[in-house]
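# Descriptive analysis of the structure
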Amino acid sequence: MGRAYQNRKESMAKTADAKTKVYSRYAREIYVTAKSGGVDPTGNLALRGLIERAKKDQVPGHVIDKAIDKAKGGGGEDFSVARYEGFGPGNCIVIVDCLTDNPNRTISDVRNCFTKTKCKMGTPGSVSHMFDHCAILAFKADDEEAVLEALMMADVDVTDIENEDGQITVFTPNNEYFKAKQALTDNFGEIDFIVDEIQFLPQTSTTIEGDDVALFEKFVDMLNELDDVQNIYHNAEL
């Protein structure tokens, strides 16, 4: 699992968009999360975790505050989650997560990215079964047994746990995220999580070679250009 996670991180670093794009995506997600679950981070755990991640990614405080203030006002945009799946260059598998206020526009834009890079957009469920929907929590520690015992005592379903170079990484099913995080903080106090997120991890990898490398980079760049796209998950290894 760790290798797949690291591969995706490296790939994302190569195709990362401008900071303003990152800020915009966080602002939209914070707005939606605050509007649906409440603007108080102490009562809305999803919002609290999202704000923590935004700060780690150096999103300015005024961007976060503006998104929450916008949610307080009521009304505003009515965003919904949209997920698209398919096959990218070199027959890699891809999941594209979006937040959209116009599903017809978004599916057309995403389909265009697939079509223009000779890729194939699939039906819902066509590739998602080849990913694990995981919560990932990584932090500085070296006592793997103590961490695992704390999670087991809290009845957390641990998928995997890794201990490397003084960093422990815990993988759990996505619906165990809050319980796992709470168990860790209850047992070890406030933790400065290096990684604190939920994502799709591929069960296998596909090596991309030759002309498909440039095509893959173009494909991801085109998706990143779309305002509605929040996250791109894939199993490509460059």
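Residues numbered from 1 in each chain as written. Predicted model: local features only at pLDDT ≥ 70, side-chain atom pairs only at ≥ 80, totals over all residues. Heavy atoms only, no water.

## A closer look at the packing of aromatic side chains
A full pass over the atoms with the stated rule returns 6 aromatic pairs. Both rings, one in Tyr31 and one in Phe79, keep their centres 6.1 Å apart while their planes meet at 85°; by these two values the pair is edge-to-face. In this pair, Tyr31 sits in helix H2 (residues 19-37) while Phe79 sits in the loop between helix H4 (61-72) and strand E1 (80-87), placing the two residues 48 residues apart along the sequence. Like Phe79, Tyr31 is buried. Taking 6.3 Å as the distance between ring centres and 90° as the angle between the ring planes, the aromatic pair formed by Phe131 and Phe200 counts as edge-to-face. Of the two residues, Phe131 is situated in strand E4 (residues 131-140) and Phe200 in strand E7 (residues 195-202); the sequence distance between them amounts to 69 residues. By relative accessible area, which is 5% here, Phe131 ends up buried. Put simply, the rings of Phe131, Phe200 and Tyr233 touch in pairs and so form one group of aromatic residues. If you follow Lys70 out to its NZ or CZ, it ends over the ring of Tyr31, 5.1 Å from the centre. (Phe/Tyr/Trp six-rings, centres within 6.5 Å; stacked < 30°, edge-to-face > 60°. Helix = DSSP H or I, 4+ residues; strand = E, 2+ residues; numbered from the N terminus. Buried < 20%, exposed > 50% of the residue type's maximum accessible area, 1.4 Å probe, protein only. Lys NZ or Arg CZ within 6 Å of the ring centre and 35° of its normal.)

## Some thoughts on the nonpolar core
Membership of the largest hydrophobic core comes to 21 residues, with the highest contact counts inside it found for Val96, Cys98, Val110, Phe114, Phe219 and Leu223. When residues of this core are traced back to their parent elements, those giving at least two are E1, strand E2 (93-100), helix H5 (103-116), helix H8 (211-224) and strand E9 (229-234). Here this core gets 5 residues from one element, more than from any other, and that element is H8. Those residues in contact with Val96 that lie beyond four places of it in its chain are Ala82, Arg83, Tyr84, Phe114, Leu223, Val229 and Asn231. (Core = buried A, V, L, I, M, F, W, Y, C linked by side-chain atoms within 4.5 Å. Contact = heavy atoms within 4.5 Å.)

## Re the sheet that holds E7
Spatially, 4 strands are ordered E5-E6-E4-E7 in an open sheet, and the strand pairing comes out antiparallel. The outermost strands of the open sheet, each flanked by one partner alone, are strand E5 (160-164) and E7. Geometrically, the sheet is characterised by an average inter-axis angle of 25° between neighbouring strands, direction not taken into account. Across 8 bridges, E4 lies against E7 in antiparallel orientation. Note that in E7 the partner of Ala138 across the bridge is Val195. (Pairing = 2+ DSSP bridges. Axes fitted to C-alpha atoms, helices over the stretch in contact; angles between N-to-C directions.)

## A closer look at the side chain of Lys21
One can find Lys21 in helix H2. A polar contact of 2.8 Å, which involves the side chain of Lys21, links it to the side chain of Asp227. Ignoring anything within four residues of it in the chain, the contact list for Lys21 reads Asn224, Glu225, Leu226 and Asp227. (Polar contact = N/O pair within 3.5 Å; in protein donor to acceptor, adjacent residues only side chain to side chain.)

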